[in-house]
Amino acid sequence: MTNPTRLVALVTGASRGIGQAIAQRLAPTHDLILAARDARRLEQVAAACRAAGASVDTVSVDLTKPASIAAAFDGRSVDVLVNNAGVAHLKPFLELSAEEWHHQVDVNVNALFHVTRALLPGMVQRGRGHVCIIGSTAGRNTFVGGTCYVGTKHFVMGFAESLMLEVRDAGVGVSVITPGSVATELFPPGTNTTWMLEPGDVAEAVHFAVTTPPAVLVHRLEVRPLSPKRPRRAP
Ligand SMILES: NC(=O)c1ccc[n+]([C@@H]2O[C@H](COP(=O)([O-])OP(=O)(O)OC[C@H]3O[C@@H](n4cnc5c(N)ncnc54)[C@H](OP(=O)(O)O)[C@@H]3O)[C@@H](O)[C@H]2O)c1
């Protein structure tokens, strides 16, 4: 049961990594709907968020399936939507399979349409709300092995800014947070993550963007490690 005096935030990809950190950062001030496929890990994150004061619903949903997204989210009243879920298959274009290509486009691009389409009408109707999207510095840069992932994150930048221009007059903010490298399971086991940002660093930026004064919109926030050549933790 959600508390009418607290805002409700829905976080996709909340079962681990950056999404888990966002959920835990918002938990003291927001009630939460946490979405991902892994129900067991979602429940663990939910327990930590409840301990921090939030009412929490968990939704086990595969974001590559539009019908499942509609069944999970249509008609829900959400004040803050954090589109965080994402996947990366980083390899040269000629080694990328069609499945890997479609998987990235389905989660990083198409799910943005389906999830936002399910929840934005309610925000516009109520005249308030916030859509926050986790982009990447890969949305401005390019690198070998990034044809599809980089492409999806460039898409995010264009989508976010266009949507922002469409809905800000209706009282709905759109922000995009663009982290550099973050130590999460997005990288294969064995990757040196000692120099990277922590998921909590990105969560702090999300919290900042979605809690500005009512007449202020922070549309774009880039977060980078300060001294990437100086490891901040042991391997
Ligand atoms: N790590 C970085 O260096 C970095 C840098 C910049 C931007 N980002 C972006 O940050 C976001 C989060 O990434 P992360 O680093 O936290 O990665 P992660 O640790 O691999 O977490 C990804 C999350 O997305 C969910 N997800 C993946 N496929 C899904 C699907 N089909 N349906 C529902 N949920 C799905 C996963 O949950 P389940 O597996 O339980 O479904 C998981 O909760 C992504 O958009 C990523 O592109 C990451």
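See the structure printed just above.
The numbers attached to residues start from 1 for each chain and follow its sequence in the written order. Owing to the predicted nature of the model, reporting of local features is limited to residues with pLDDT of at least 70; listing and counting of side-chain atom pairs is limited to 80 or more, with chain, interface and lining totals taken over all residues. As a convention, hydrogens and water are excluded, and side-chain values are obtained from all of the structure's heavy atoms.

Draft legend 1. Inspection of the pairing of strand β1 (residues 7-12) at higher detail. Along β1, five of the six residues are buried, which leaves the element largely enclosed by surrounding structure. The pairing of β1 with strand β2 (residues 30-36) spans six bridges and is parallel. The residue bridging leucine 10 from the neighbouring strand is isoleucine 33, located in β2. In this view, the connection linking β1 to its parallel neighbour β2 by way of helix α1 (residues 17-26) has right-handed handedness. Should DSSP find at least two bridges between two strands, the strands are taken to pair. Helix numbers and strand numbers start at the N terminus; a helix is a DSSP run of H or I with at least 4 residues, a strand a run of E with at least 2. With three bridges joining them, β1 and strand β4 (residues 80-83) adopt parallel strand pairing. Whether a residue is buried, partly exposed or exposed follows from its accessible area with a 1.4 Å probe, protein chains only, as a fraction of its type maximum: under 20%, in between, or over 50%, in that order. Note on handedness: a clockwise path from strand one over the helix to strand two, with the strands aimed away from the viewer, defines a right-handed crossover.

Draft legend 2. Spotlight on the nonpolar core. Remark: nonpolar core denotes a set of buried residues (Ala, Val, Leu, Ile, Met, Phe, Trp, Tyr, Cys) joined through side-chain atoms within 4.5 Å. Counting residues in each nonpolar core, the largest one holds 33 residues, and the members touching the most others are Val61, Leu63, Phe73, Leu81 and Leu119. When residues of this core are traced back to their parent elements, those giving at least two are β1, β2, α3 (66-73), α4 (98-126), β5 (129-134), α5 (147-167) and β6 (172-179). Looking at this core, the element that brings in the most residues is α4, giving eight residues. Any two residues whose heavy atoms approach within 4.5 Å at even a single point are treated as in contact. Beyond its immediate chain neighbours, meaning those up to four positions away, leucine 63 contacts Thr12, Ile69, Phe73, Ala85, Asp106, Ala111 and Val115.

Draft legend 3. Highlighting the packing of α1 against helix α2 (residues 39-51). Contact geometry for α1 and α2: axes closest at 8 Å, N-to-C directions at 20 degrees. Here α1 is positioned roughly parallel relative to α2, judged by the angle of their axes. Crossing of α1 against α2: the hand is right-handed. Contact with α1, carried on its side by Gln20, Ala23 and Gln24, involves Val45, Ala48 and Cys49 of α2 and no other residues of that element. Lys, Arg, Asp and Glu make up the charged group, whereas Ala, Val, Leu, Ile, Met, Phe, Trp, Tyr, Cys and Pro make up the nonpolar group; the residues left over, Gly among them, are polar. A per-class count over the contact of α1 with α2 returns four nonpolar, two polar and no charged. Only the stretch in contact is used when fitting a helix axis, every axis being a line fitted to C-alpha atoms; angles between N-to-C directions are given from 0 to 180 degrees. When describing relative orientation, an angle under 35 degrees is termed roughly parallel and one over 145 degrees roughly antiparallel, while 65 to 115 degrees is termed roughly perpendicular and anything else oblique. Helix crossings get a hand from a simple test, with the near helix turned counterclockwise from the far one by less than a right angle marking a left-handed crossing and a clockwise turn marking a right-handed one.

Draft legend 4. Expanded view of the layout of surface pockets. Estimated volume of the largest pocket: approximately 910 Å³. Two kinds of site are reported from a 1 Å grid over the protein atoms alone, namely cavities, where a 1.4 Å probe fits but cannot get out, and pockets, open sets with protein on both sides within 12 Å along at least five of seven lines, and residues are called lining when an atom falls within 4 Å of a point. Lining of the largest pocket is provided by 40 residues; of these, Asn84, Gly86, Val87, Thr184 and Leu186 occupy positions nearest its centre. Going through the elements one at a time, α1, β2, α4 and α5 are the ones with two or more residues in the lining of the largest pocket. When residues of the lining of the largest pocket are assigned to their parent elements, the largest contribution, three residues, is made by α1. Of the residues belonging to the lining of the largest pocket, the class tally is 18 nonpolar, 16 polar and six charged. The volume enclosed by the second largest pocket comes to roughly 430 Å³. Forming the walls of the second largest pocket are 19 residues, and the residues nearest its centre are Gly129, His130, Gly171, Gly173 and Pro214. Grid points are joined across faces, edges and corners, and a volume is the space filled by probe spheres set on the points.

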